[in-house]
Every structure is written in structure tokens, then in C-alpha cells.
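# Fold and geometry: a report
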Amino acid sequence: RVEWFAEAVETPRARCGRFERKNLETGELEGDLRTPAPLLHTIAGLPPGLTPDLFPFLEPSSSHSSLSRGFALHIPLNHIVDHLKVIEKLPHHDRLKNFTGIPKETWVFLGTEDIQNYSTLPSTDQQMTLSTYKGRKIVTTLDYCNAIKMMSPDVSMGMTGPQVNEYSSVKKIRTSADEVIQYNQKIGLEIAKAKQGGSNDSGSFWFGCVNGGPDLRQRLRCVDSVIEPFQGLNLCGLNSGESIETLREIITASLAKTTLKNVPVCATGIGSPPEVIETVRLGVDLFISNYPFQIASLGCASVFQIEAAMGDENETNALGTQINLNDRQFELQMVPVLPDCQCFCCTRHTRAYIHHLLNTHEILASVLLTLHNVYHYNKLFE
Amino acid sequence: MYAEMALDNNSGRSTMSATPLGSQLRFEVLYQSKKSRARVGRIITAEGREIMTPTFVPVATCASVKALHPQQVHDCGTHLTFCNTYHLMLHPGSETVAKAGGLHRFMNHKGALITDSGGFQVFSLAYGSVHRELTTNGTLLPETVSSPSSDSGDPDEIGNVIKGRRQFQREGERTSMVTLISEDGVQFVSYRDGRRLKLNAELSIEHQKRLGADIIVPFDELPPFHIEQDQLKESVSRTHRWQLRSLKAHLGDPRHQALYGIVHGGLDHQLRSISSSFVLSHPFDGIALGGSLGKTKDD
């Protein structure tokens, strides 16, 4: 069973929180996840380039305590929806983690949003179409609920529908909001039904979705539809190119409007450190993000000193400081990517080596850069 | 012909100061099979790295086993890892690796390393892929100048060769990046930036010294699979001369590295036998089997 608590709330809305996972029978605490936290984008369960044996190296204050402190991964449904029949055959408990090889202490959030490959495929108020590696797959709300029940991820992020942005027509934006409202209602009914049935196998912790692109009015309609038994608010599609002012307006209004009290809030599509800091101040707790992987794939590493950057006057620039290790200047630099960084990459390798790996198109380059960037990102959140 | 080759060996040997065979490596047989010649062994390199044998040696072409970190490579049970001198020559360059303190430091690799001479890649540049080699009966790619007896080529000729390349590329066949094969060594063009480079026995050893692997190999010539008998003899003879030059360069500055001699001779038993004697009669630290080993298991 998973629950979320707010701790240390700062006015007006920024707060720290904590997810707790308890054993259903014994009530014993099995793991926790502090928020604000990133929900790291994965390709079918694993972060791009990383294997589970490297997971312990992604957390700054690694588990020296007896209680395993996890970090969170986000699995887009379209990566695994073709394999549900196989996953079903695995032993009952924690099927999804068994299938992907994710260790028990790592948190798994399952959703329909694939932030590297947004779907604009047709949808109705009962189903949406996912783009998978084998083609297309239609998923109804019932299919989704059953899949969640079967796979038992820690948290479910709800059904978002296709992406809309400021270039979408007015009608399309309104339709997207209508559809998400329907999804929320139908899924809400399913969750309530499962709870009435006595079992807690309704798929653990549920977020309700808010869509509507840049249109505030449509978004607020969606916010209204996210009511109990939903336990969280997922503000989807916030990376469609809106300005920072629009972003602030949308988030503030959405959080003011919601009737759910004391629930975690997730924002999709916000990933860069300056945006993260800005939106945490507005009250957002979770971020579905692939920022560390995106910059690693370009050969870049985050090198800002975290405490200094956050106190900096020009915070936005400071938080964006990166180096591109493809650059020739790093050819002979036998120093770590970020001096004093305790990540796997910086304690074992030099800028010169990574520069060489990038130039010879070796996969290890992106593995090492990812290890650094994710560690650094997690440290920022800490 | 064989007598001549033996004489070559003798004349080579007499000018060299011999160090005891195997001084850079310690090898012990832990178990010898009674049913076959198979054995379990242990090699300890001069710097104390242990290699259990028989062992699978993964290739870290450009100082990285694909997608694996050195710790993961070690955790898979790897004792010895192989790096390509040719690729490392082109990037980052052996000087850069030397500045980093050698390959072990550059990669942060704790296990034993072995480098090749660069010969294989360079010669496959001249003959094309193994597939092409087998299907065209070992013809050199266009624009490769192979000179059996003369020394370094005429610069103008090479210039023309490079200009001629463009014309061939339009016709669709890959042109050779090797511009000259001669008694001295090989000249070729870097695939990265078009620079003209040279590789011979002394240069190969120099690069391998800078890279600093535990085990290194001499520069040898790799004849194609389809080759006339007399060409093969000529090739083996040349390879022996190149190996002696490599040995001399190595012994001038051993640096705790072990140099393996390479037995050549294609599928010809007699040549193989002569080549083995050659390797065994010189202070190489180990024996490598090089060149074509045939098409079938029986070969």
C-alpha cells in the first residue's frame, strides 16, 4: 500500500513530501520516496543506457540507512502494452518489476505519456491509441485499469489522451479536455468498484489527469473532474512551448481550483533545472522528465554547483550550466567531469576519456554521462 | 628457399642481445589433460596481473568494451581485454594515452590488457572485408600500390593515387585507404580526417609502448586467404623480418611488457613449422597463431 504525506510546507505552496510503501499484511514500512522528485523516463522500464546493477550509483545519499531510499522511474504504457500476455504469466507479486528487472526498492510509476514520443493518434472518450514498437494499440479505460491491476506498479499516472498544444485547433483542445474528463470518471468508477470489492488491488496509488493544452478554461474543467478516489493530480502536456508566464498561470490556477486536499502534484514535460525550481515554488512535487538523458545524448554534462546556483542572483543561467564534452578543449583534461562530484562517473573517469568515447561513438560515453547527469539531477532534488 | 629463410633468421639473431625467454611473464600449467593437449594455466604479467587460461578475451576496440564499464567487464569474469592499436592511433592518439599514464589509467581498467600491432586493420583496409577477400580471390582494392622490393614510395605517385580515389568512388567500389605496402611498412590514410599515416615495425612498437598494455605483439604482414604459394613464402619471410625489427625495438625499452611472437604460414604445414621454429628461437615471451587458419574446422 502506498501513501503520500506532505511535510515542511513553505508558503505559499512549495513543500517537501514523502511517499511511503507499507506491507499490506504487516503494516511494516518497506520503502519511501522523498518529494520533490523526478520520475525518470525509461525505455520499457530501464533508463536509457543503464542496467539495474548501476542503480545504487544514482542516489546521492545512497542507502546506508536500514530503510531503503528509492528513486523513481516512469514507464510509459506504450512500451510494454504489447507484452501484457507475457507479463501476466509471471508470479503474482510485483509482475512489472520482475519483467523489467527493476529492483524492489526502486519506485515505478506507470502512465500513458511517452515524453520522447508524444502520441497524437486518434482517441475517443472511451479509449486512446498508443504508438508501440509493433504499430498501434487501442487501449480503453477498462483495459488500462486491468493492466494496472495485473502489473501492480507503485503508482498509476492515469490516462492522458493525445497531446495538444497551442497550434491545435480550439475544437481539438476542447475535445482533449472532454476525453480526459471521461477517462477520469470511468477510471474513478473502476477504482471505487475495486475498493468496494474489499481488495486493495485497485492498482495502488492513482493520479487523475489534467489536459487541455494551453487553454486555461479547459484545464480547469479537467481539474474539477479529478476527485476522490484519486489521490494525486497529474498536470499533463506542459511542454508544448508555452511561455513561463503561461506555465505559472496554469499551475497556480489548477492548484487553486482543485478540491483534493493534501495530494501530490505531478507535472509532465518540465525537466530543466531552472523550470523545476520555478515550478516547485508553485507547489509541484513530481516531474516526469528525461532531461538528464537528453543532455547526455548530446554529449553534455550538468556541472553547476548546486548550492551556489540556487543562491545565485542569475539563478536560471547558473542552473543551466553544462559542458559539452565533444569539444576539443577536453581532449587532455585528466580531471573528473565535475570535480568533487561523488557519482560513479566522476570518481572513476576523466573528461579526456569521455571526450574520446564520444568521438569514437562508443555507447559507454552516454552510459557514463547518464550516470553523472542522473546523480547530479537527483542531488538537485535532494 | 627454406635454407635462405633459415639464414635470414640466423643473421637476425646474431645481431641481437638475447634476454631469457619469458622474462616478462610467468606462466604455470595448473592442470594438464591426459586425453588431449588441453591445459589449465595461469599467467602472471610483469605488473602482477593474473590471467587464468583458457580465457575469452573481449575486445575493447577504442578503449571501451561496448557499453560496459571496466568494473562490469571484470565482474563478468574477464581476465584479459584486447584493444586495437590501429583505432587508438587514430583517436585519441597514442601520445594522448601516454599523457594520461597509459591505457590502464586512461580507461581506469585494472585487469590485464593486450594490444595488437595495427597490422590486421591496416591490411584489411587494403584487401577489403573478409567477405570481399574471399569472393574476389584476394585482389587488392583499387589504388593500393604494393611494392615488394622497393622502399618508400614516390610522393608524387601517392599524390596521384589519392586524387584518383575520387574517380573510383563515383563508380561505387570502395577504394583502399592503404596507399603503399613496401618492405619498410605500410602507408595509409586515416578514415577520421584523411591524414596520411605510416605504420611499420618500429612505429607499431612505439605506439604500443605508449599505450602500455601488458602484452604486445610485433608488426606482421597479413596475406589474404587466396594467395599463391611463392607469394605466401615471400610474405612469411617478410613477416619474420618485421617481427625481428619489432623485437629489437621492444628489447631496447621493455617497460614490463611481454612481446608475443606470431607464427604465420597460412595453411602450409612446412611454412608453419618454419615459422614456429623462428618464434621459438627468439626471446619472445609467448606464441601467437596468426594469419589465416583456414576455412573449415579440419583446416
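In short, a report on the structure.

Calculation notes
- Every chain begins its residue count from 1, and numbering advances along the sequence as written.
- Each chain gets a letter, beginning with A, and each ligand a number, beginning with 1, in the order they are written.
- Under the rules for a predicted model, residues below a pLDDT of 70 receive no local features and side-chain atom pairs below 80 are neither given nor counted, while totals for whole chains, interfaces and linings still include all residues.
- Note that water and hydrogens are dropped before the side-chain values are worked out from all heavy atoms of the structure.
- What we call a nonpolar core is a set of buried Ala, Val, Leu, Ile, Met, Phe, Trp, Tyr and Cys residues that are connected through their side-chain atoms within 4.5 Å.
- To sort residues, take the accessible area from a 1.4 Å probe on protein chains only and compare it with the maximum for the residue type: under 20% means buried, over 50% means exposed, and anything in between is partly exposed.
- What makes two residues a contact is simply this: any of their non-hydrogen atoms within 4.5 Å.
- Only the contacting stretch of a helix is used when fitting its axis, a line to C-alpha atoms as for every element, and angles between N-to-C directions run 0 to 180 degrees.
- Numbering of helices and strands runs from the N terminus; a helix is a DSSP stretch of H or I covering at least four residues, while a strand is a stretch of E covering at least two.
- An angle below 35 degrees is treated as roughly parallel, one above 145 as roughly antiparallel, one from 65 to 115 as roughly perpendicular, and anything else as oblique.
- What makes a crossing left-handed is the near helix being turned counterclockwise from the far one by less than a right angle; a clockwise turn instead makes it right-handed.
- For this classification, Asp, Glu, Lys and Arg are treated as charged, while Ala, Val, Leu, Ile, Met, Phe, Trp, Tyr, Cys and Pro are nonpolar and the rest, including Gly, are polar.
- Buried area is a sum: the accessible area each of two parts loses on coming together, probed at 1.4 Å, counted once for each and added.
- Counted as salt bridges are all cases of a side-chain nitrogen of Lys or Arg within 4 Å of a carboxyl oxygen of Asp or Glu.
- Any N or O atom pair separated by 3.5 Å or less is treated as a polar contact, with the protein-specific requirement of one donor-capable and one acceptor-capable atom, and with residues adjacent in sequence counted only for side-chain atom pairs.
- Pairing between two strands is assigned when DSSP locates at least 2 bridges connecting them.
- For patch detection, residues must exceed 30% relative accessible area and be free of salt bridges, and they are connected within 9 Å for like charges or within 5 Å for nonpolar side chains (Val, Leu, Ile, Met, Phe, Trp, Tyr).
- For every accessible area listed, the method is Shrake-Rupley and the probe measures 1.4 Å; residues are considered covered only by the protein chains on display.
- This count recognises Lys and Arg as positive and Asp and Glu as negative, with His and chain-terminal groups excluded.
- Charge positions are represented by NZ for Lys, CZ for Arg, CG for Asp and CD for Glu.
- The rule for a disulfide is simple: a pair of cysteine sulfur atoms within 2.5 Å.

With that out of the way, let us pick up the nonpolar core. The biggest cluster of nonpolar side chains holds 104 residues, and the ones touching the most others in it are Met151(A), Ile251(A), Leu325(A), Val337(A), Leu368(A) and Leu103(B). Excluding residues that lie within four positions of it along the chain, Ile251(A) makes contacts with Leu235(A), Leu238(A), Ile270(A), Thr279(A), Leu282(A) and Val284(A).

Residue and element names in this part refer to chain A. Their axes nearest at 7 Å, the elements helix 12 (residues 351-359) and helix 13 (residues 363-381) cross at an angle of 135°. By the angle between their directions, the pair helix 12 and helix 13 is classed as oblique. Crossing hand, helix 12 versus helix 13: left-handed. In contact with Tyr353, Ile354, Leu357 and Leu358 of helix 12, helix 13 contributes Leu364, Ala365, Leu368 and Leu369. Taken together, the residues of the contact of helix 12 with helix 13 sort by class into 8 nonpolar, no polar and no charged.

This part takes up the interface of chain B and chain A. Opposite the 19 residues of chain B that make contact, chain A presents 21 residues. Of the roughly 1700 Å² buried between chain B and chain A, counting both surfaces, carbon and sulfur atoms make up 59%. Three residues stand out in chain B for area buried against chain A, namely His69(B), His91(B) and Phe106(B), and they jointly supply 30% of the buried area on that side. Here chain B and chain A share 1 salt bridge between them. In this structure, the salt-bridge partner of Lys66(B) is Glu362(A), at a minimum N-O distance of 2.9 Å. Our enumeration of links across chain B and chain A arrives at 8 residue pairs in polar contact (both at pLDDT 80 or more). Looking at the side of chain B that touches chain A, the elements with two or more residues in it are helix 2 (70-75), helix 4 (94-99) and helix 5 (103-107) of chain B. Residues of the side of chain B that touches chain A, tallied by class, amount to 10 nonpolar, 6 polar and 3 charged.

Bringing the packing of helix 5 (residues 170-196) of chain A against helix 6 (residues 216-225) of chain A into the picture now. All names here are of chain A. Between helix 5 and helix 6, whose axes approach to 9 Å, the crossing angle comes to 5°. Here helix 5 is positioned roughly parallel relative to helix 6, judged by the angle of their axes. Of the residues in helix 6, those in contact with Ile173, Arg174, Ala177, Asp178, Val180, Ile181 and Asn184 of helix 5 are Gln218, Arg221, Cys222 and Ser225. Along the lines of polarity and charge, the residues of the contact of helix 5 with helix 6 split into 5 nonpolar, 3 polar and 3 charged.

What follows covers the sheet that holds strand 12 (residues 265-268) of chain A. Residues and elements named next belong to chain A. What the 8 strands build is a closed barrel, ordered 4-5-6-9-10-11-12-13; its pairing is parallel. Two elements, strand 4 (residues 37-41) and strand 5 (residues 72-76), share 3 bridges in a ladder whose sense is parallel. Its bridge partner lying in strand 5, leucine 40 is registered against leucine 73. Packing against the sheet, helix 13 makes contact with strand 4 and strand 13 (286-289), and its axis sits at approximately 155° to strand 4.

So, about a positive patch on the surface. A surface patch of like charges, here positive, comprises Lys85(A), Lys89(A), Lys134(A) and Lys137(A). Along the chain, Lys89(A) falls in the loop between helix 2 (84-88) and helix 3 (95-100).

Residue and element names in this part refer to chain A. Tallied over the full model, the rule gives 0 disulfides over all chains. The thiol of cysteine 145 is not disulfide-bonded; the next cysteine sulfur, from cysteine 209, is found 12 Å away. Here cysteine 345 stays unpaired: no disulfide links it, and the sulfur of cysteine 346, its closest cysteine neighbor, is 4.9 Å away.

Moving on, we come to the sheet that holds strand 3 (residues 50-53) of chain B. Residues and elements named next belong to chain B. Spatial strand order, 1-2-3: 3 strands in an open sheet with antiparallel pairing. The open sheet terminates on both sides in strands that have one partner only, identified here as strand 1 (25-32) and strand 3. Between one strand and the next, the sheet's axes are offset by a mean angle of 15°, whatever the strand orientation. When strand 1 meets strand 2 (residues 39-45), the two strands line up antiparallel, connected through 7 bridges. Of the residues in strand 2, the one forming a bridge with tyrosine 31 is valine 40.

The omega angle of the peptide bond from Glu228(A) to Pro229(A) is 10°, so this bond is cis rather than trans. Along the chain, Pro229(A) falls in the loop between helix 6 and strand 11 (232-235). Look at the link from Thr53(B) to Pro54(B): it is a cis peptide, with omega at -5°. Tracing the sequence through the fold places Pro54(B) in the loop between strand 3 and helix 2. Residue Asp94(A) is not a glycine yet carries a positive backbone phi of 55°. The topology assignment puts Asp94(A) in the loop between helix 2 and helix 3. Given the relative accessible area of 13%, Asp94(A) is considered buried. Phi at Arg255(B) takes a positive value of approximately 50°, unusual for a residue other than glycine. Residue position: Arg255(B) is located in the loop between helix 10 (229-251) and strand 11 (258-263).

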